[in-house]
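So you can see what is in the structure, the chains are spelled out below.
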Amino acid sequence: MAAWYTKKTRKSDIKRAKVLLRSYNINFRFLKTRTDGYTSFSKNRVAIGTKVSIQYFWSLVFHELAHILNRRNRKYARYHRDYAAKDVIKKIGLRSERYTDKVAAQEMQKQKLGLRYLPGYSHPWQIKWYRQYCEDYL
Ligand SMILES: [Zn+2]
């Protein structure tokens, strides 16, 4: 039997995530064919890919949710806007993402899902990937 970290996201997870995001007054969209997430600050909306494991799904939900909370709390304000300036992304992007991971892990803990948050920017290979991404696209 597949473990929860390999099991695919179920309808019940999506339902629960909808209720959660509503409780934070965040608009949302679930994307069946995607494996990532992103945030639109102007629309106060997160988009979450559901073609992932349950653990990864919830990590995406809390990561994008944390970006919205950070904007509300004016944390890394120059980064938490749509179309942040390239030099801002280069300078504080990684720090902002790591801070977002921290907030996301705390929020996820509060919900007592029994799942561990998977950080997106903590392993050396993730940091290397991010630096390469900046190099290639900024
Ligand atoms: Zn992020």
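Details of the structure are given in the entry above.
Residues numbered from 1 in each chain as written. Predicted model: local features only at pLDDT ≥ 70, side-chain atom pairs only at ≥ 80, totals over all residues.

**Q** Sorry if this is basic, but what is going on with the sheet that holds strand E2 (residues 37-40) here?
**A** Consider a sheet: its strands pair through backbone hydrogen bonds, and that pairing is either parallel or antiparallel. Strand order in the open sheet made by the 3 strands is E1-E3-E2, with mixed pairing throughout. One side of each edge strand has no neighbouring strand; the edge strands of this open sheet are strand E1 (27-31) and E2. Across the sheet, the mean angle from the axis of one strand to that of its neighbour is 15°, orientation sign disregarded. Taken together, the 5 bridges between E1 and strand E3 (residues 45-49) define a ladder with parallel strand orientation. Its bridge partner being in E3, Leu 31 is matched across the sheet by Gly 49. Running at roughly 160° to E3, helix H2 (residues 54-72) makes contact with E2 and E3 of the sheet. (Pairing = 2+ DSSP bridges. Helix = DSSP H or I, 4+ residues; strand = E, 2+ residues; numbered from the N terminus. Axes fitted to C-alpha atoms, helices over the stretch in contact; angles between N-to-C directions. Contact = placed C-beta atoms within 7 Å.)

**Q** What am I meant to see in the nonpolar core here?
**A** Note that soluble globular proteins tend to have their nonpolar side chains buried in a common cluster. Counting 18 residues, the largest nonpolar core has Phe 57, Trp 58, Val 61, Phe 62, Leu 65 and Ala 104 as its most contacted members. Breaking this core down by element, the ones donating at least two residues are helix H1 (11-23), E3, H2 and helix H3 (86-111). Broken down by element, this core gets its largest block of residues, 10 residues, from H2. Not counting chain neighbours up to four residues away, the residues in contact with Ala 104 comprise Phe 62, His 63, Leu 65, Ala 66 and Tyr 117. (Core = buried A, V, L, I, M, F, W, Y, C linked by C-beta atoms within 7 Å. Buried ≥ 20, exposed ≤ 12 C-beta atoms within 10 Å, placed from the backbone.)

**Q** Would you mind going over the packing of H3 against helix H4 (residues 124-137) with me for this structure?
**A** A pair of packed helices is captured by two measures, namely the crossing angle of their axes and the spacing between those axes. It is the contact of H3 with H4, at a shortest axis distance of 11 Å, that shows an interaxial angle of 165°. Considering their axes alone, H3 and H4 lie roughly antiparallel with respect to each other. Like other packed secondary-structure pairs, H3 and H4 cross with a definite hand, here right-handed. Residue-level contacts link Ile 89, Lys 90, Gly 93 and Leu 94 of H3 to Ile 127, Tyr 130 and Cys 134 of H4. In the contact of H3 with H4, the residues fall into 5 nonpolar, 1 polar and 1 charged. (Parallel < 35°, antiparallel > 145°, perpendicular 65-115°, else oblique. Left-handed = near helix turned anticlockwise from the far one by under 90°. Nonpolar A, V, L, I, M, F, W, Y, C, P; charged D, E, K, R; others polar.)

**Q** What is the right way to look at H3 in this model?
**A** A turn of α-helix holds 3.6 residues, and therefore any two residues three or four places apart point the same way. Over its 26 residues, H3 runs 35 Å from end to end, which matches the ideal 38 Å to within 8%, given 1.5 Å per residue. Of all the bends in H3, the largest measures some 60° and sits at Ile 92. Buried residues belonging to H3 abut H2 and H4. Once H3 ends, the next one or two residues include Lys 112, with phi positive near 50°. (Expected span 1.5 Å × (residues − 1). Bend = angle between axes of the 7 residues up to and from the residue.)

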